[in-house]
Amino acid sequence: MILLLFILTLDPRYHTRDEVAHELDSIARSYPDITMLDTIGYSSFDSIPLLGLKISDNPAADEDEPAVLYIGCHHAEEILGIEICMYMISELTSNYSTDSTITGWIDDREIWFVPLMNPDGHSVVMAPPETLWRDTTWRDNKSDNNNSGFFELEYDGVDLNRNYDFYWTEGGSTDPTSEFYIGPHSFSENETRAIRDLTYANNFTFCITYHSARYGLTEVVYFPWDWEGGFSPDFPFIRTIADTISKRIIRDSGIGYYSALPGQGLDGRARNWLYGVCGVFTYCIEVGTTTILPASMVDDLCQRNLPGAYYLLERVSECGITGHIYDSLTGEPLSAEVIIHNYYDPNLPPRKSDPQYGRFLRILKPGTYDIEIRKHGYASIYYDDMQITDGRMTEFDILMSRTGGEMPAPILQKKINVRPNPSSHNVLIEIDDGMALSSLTVYDVSGRLVKNFENPDRRVIWQGVDEQNRAVAEGIYWLLGRSEEERTIQKIVLLKGSFNQ
Ligand SMILES: [Zn+2]
């Protein structure tokens, strides 16, 4: 009898929901400088806190850094994703400041984890063998579909990965007794609303949502989308990344790698909502050859999945465009639409720069693109045939003029570095080797010339003075560099302080 119980109980290698909570709490206490543990919502039936862990330097601040999200356990029985998230959290935090690559990621990105998105359903899978409502093949949460006041395996639960508000009625089942039940309305569940709100609050570039397959193919990286022959607008970029992720994950057998496939159908799934509505390149990875692997394989599975997960942290700075969009007059950051022509679907919500910093970030492949920046009330800006090269993000800031305004909208590759910025003392201006400047000038926000540097060198120091050598007021200034072919602009913020005159 004791032996039988042992067989029926899931191996203690697998985290219970309490163990997930305790371990996240303990990590947050051990690494307060690089982690923030957040309750992003409460589960629908048991009101268990839904925990999100952010790993980044200055974790309490929403910094101007690219963000990546990892989610485990939409589906209760697919418990391997929890283990991969917890494993990765432990690897990242414990190697901060000793591993230079990991340190760089934590310093320069905001890395979010929701390891256990479905704690209610998970408790059904992990319940002790004598529990009446135990089911190790349970998929849903525990929502009380028939309003009986208690949880019943036959009637209850919503499929969280069919509950997102993107072509919601096209997927799953409308039968509440089905394990694919889509819920009474889109975002009816606390769990999916928590992911929605977390996504709205953070400008995620990438997301991985971990699943494992009882039906269908195993060891696959799914990406959005191939829907009745219509591809997602960013398909070539998303697919190339999926290919790379899949080639980095070795199969359970030790032979060969995961495969990458476009997801068929739009149907209320997380990956399609995250991408279709929010523009987040989202990968659904069906890990392992079954939902619950022998415990002895779990560490190995986690280790084999890390290179795939880590790739997104690398890729976010490898090829594409990024920078800020500002109002040309006030210097305020703008949330403006960034359109990559030929990779654009006007039926999807616009991809915008974030309102807090004006930051835009679009993942591309090397090539030539026509880009348009658009905002109501402002003159549109077009970049024709912009060359995007590999190995780095092409960075430029954009000034948008209100319609009828006078200041031109210069564009430009960021070939001038300014530091410190903001500055309360001298500003060091360093010019890229590749740019032979014919002029370097500073303007104030009303477009008035403040300072002209004659014959600018590679390094120029601006002492915060105008042409008459008078200290200028604190505030926003624009540094404009011109060469024969190009112009580049850079925002400088002067703070009150002692300038060395
Ligand atoms: Zn699943």
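Residues numbered from 1 in each chain as written. Predicted model: local features only at pLDDT ≥ 70, side-chain atom pairs only at ≥ 80, totals over all residues. Heavy atoms only, no water.

## Quick look at the coordination of the zinc ion
Here the zinc ion is held by His 75 (ND1), Glu 78 (OE), Glu 78 (OE) and His 211 (ND1), and the distances to it run 2.0 to 2.6 Å. His 211 sits in the buried class, given a relative accessible area of 3%. (Donors = N, O, S within 2.8 Å, 3.2 Å for Na, K, Ca; no water. Buried < 20%, exposed > 50% of the residue type's maximum accessible area, 1.4 Å probe, protein only.)

## Some remarks on the pairing of strand β19 (residues 439–444)
β19 sits mainly inside the fold: 6 of its 6 residues count as buried. With burial as the criterion, each face of β19 is covered, one bearing Ser 439, Thr 441 and Tyr 443 and the other bearing Leu 440, Val 442 and Asp 444. Note: β19 against strand β22 (residues 475–482), 6 bridges, orientation antiparallel. Within β22, the position partnered with Thr 441 by the bridge is Leu 480. The pairing of β19 with strand β20 (residues 449–453) spans 4 bridges and is antiparallel. Pairing of Leu 440 across the sheet is with Phe 453, part of β20. (Helix = DSSP H or I, 4+ residues; strand = E, 2+ residues; numbered from the N terminus. Pairing = 2+ DSSP bridges.)

## Focus: empty space enclosed by the protein
Throughout the structure, instances matching the rule amount to 1 cavity of 30 Å³ or more. Roughly 120 Å³ of volume is contained in the largest cavity. Every residue lining the largest cavity is counted, 15 residues in all, and those nearest its centre are Tyr 343, Tyr 344, Asp 345, Pro 349 and Arg 351. Ranked by residues supplied to the lining of the largest cavity, first place goes to strand β11 (residues 337–340) with 4 residues. (1 Å grid on protein atoms, 1.4 Å probe; cavity = no way out; pocket = protein on both sides within 12 Å on 5 of 7 lines; lining within 4 Å. Points joined across faces, edges and corners; volume = space filled by probe spheres on them.)

## Description of unusual backbone geometry
Of the consecutive residues Arg 419 and Pro 420, the connecting peptide bond is found in the cis state with omega at -10 degrees. As for its position among the elements, Pro 420 is in the loop between β17 (416–419) and β18 (427–431). A cis amide bond, omega 5 degrees, links Asn 421 with the succeeding residue Pro 422. Note that Pro 422 resides in the loop between β17 and β18. If you check the backbone angles, Phe 187 has positive phi at about 55 degrees while not being a glycine. A positive phi angle, near 55 degrees, is found at Glu 219, a position not held by glycine.

## Here we look at the state of the cysteines
The final tally for this structure, using the stated rule, is 0 disulfides. Note on Cys 73: no disulfide assigned, nearest cysteine sulfur contributed by Cys 85 at a separation of 9.7 Å. There is no disulfide at Cys 85, and the cysteine sulfur nearest it, in Cys 302, is 9.2 Å away. For Cys 85, a relative accessible area of 1% gives the class buried. (Disulfide = S-S within 2.5 Å.)

## Quick notes on helix α8 (residues 270–278)
When you tally the buried positions in α8, you get 7 out of 9 residues, the bulk of the element. By the burial criterion, the buried members of α8 are Ala 270, Arg 271, Asn 272, Trp 273, Leu 274, Tyr 275 and Gly 276. Just downstream of α8, Gly 279 is the residue with a positive phi angle, here 75 degrees.

## Overview of the sheet that holds strand β21 (residues 459–462)
The sheet built from 3 strands is open, its strands ordered β17-β18-β21 with antiparallel pairing. Edge strands, defined here as strands with exactly one partner in the open sheet, are β17 and β21. Put simply, the sheet's adjacent strands are angled 20 degrees from each other on average, direction ignored. Bridge count between β17 and β18: 4 bridges; the pairing is antiparallel. When the sheet's bridge partners are listed, Arg 419 is paired in β18 with Leu 428. (Axes fitted to C-alpha atoms, helices over the stretch in contact; angles between N-to-C directions.)

## What to know about the pattern of salt bridges
Per the counting criterion, the structure on display carries 26 salt bridges. The closest approach of N and O atoms between Arg 29 and Asp 25, which form a salt bridge, is 2.8 Å. Of the two residues, Arg 29 and Asp 25 are both situated in helix α2 (residues 17–30); the distance of 4 residues between them amounts to about one turn of the helix. The network of salt bridges with shared partners includes Arg 17, Asp 46, Asp 120 and Lys 142. (Salt bridge = Lys/Arg side-chain N within 4 Å of Asp/Glu carboxyl O.)

## Digging into the nonpolar core
Formed by 109 residues in total, the largest nonpolar core has its most connected members in Tyr 70, Leu 92, Tyr 283, Ile 321 and Ile 373. Counting the residues that make up this core, at least three belong to each of domain 1 (2–315) and domain 2 (321–411). Excluding residues that lie within four positions of it along the chain, Ile 373 makes contacts with Ile 325, Ala 336, Glu 337, Val 338, Ser 380, Ile 381, Tyr 383, Ile 398 and Met 400. Counting residues in each nonpolar core, the second largest holds 18 residues, with Val 427, Phe 453, Trp 462 and Leu 494 among its members. (Core = buried A, V, L, I, M, F, W, Y, C linked by side-chain atoms within 4.5 Å. Domains from an automatic or database assignment. Contact = heavy atoms within 4.5 Å.)

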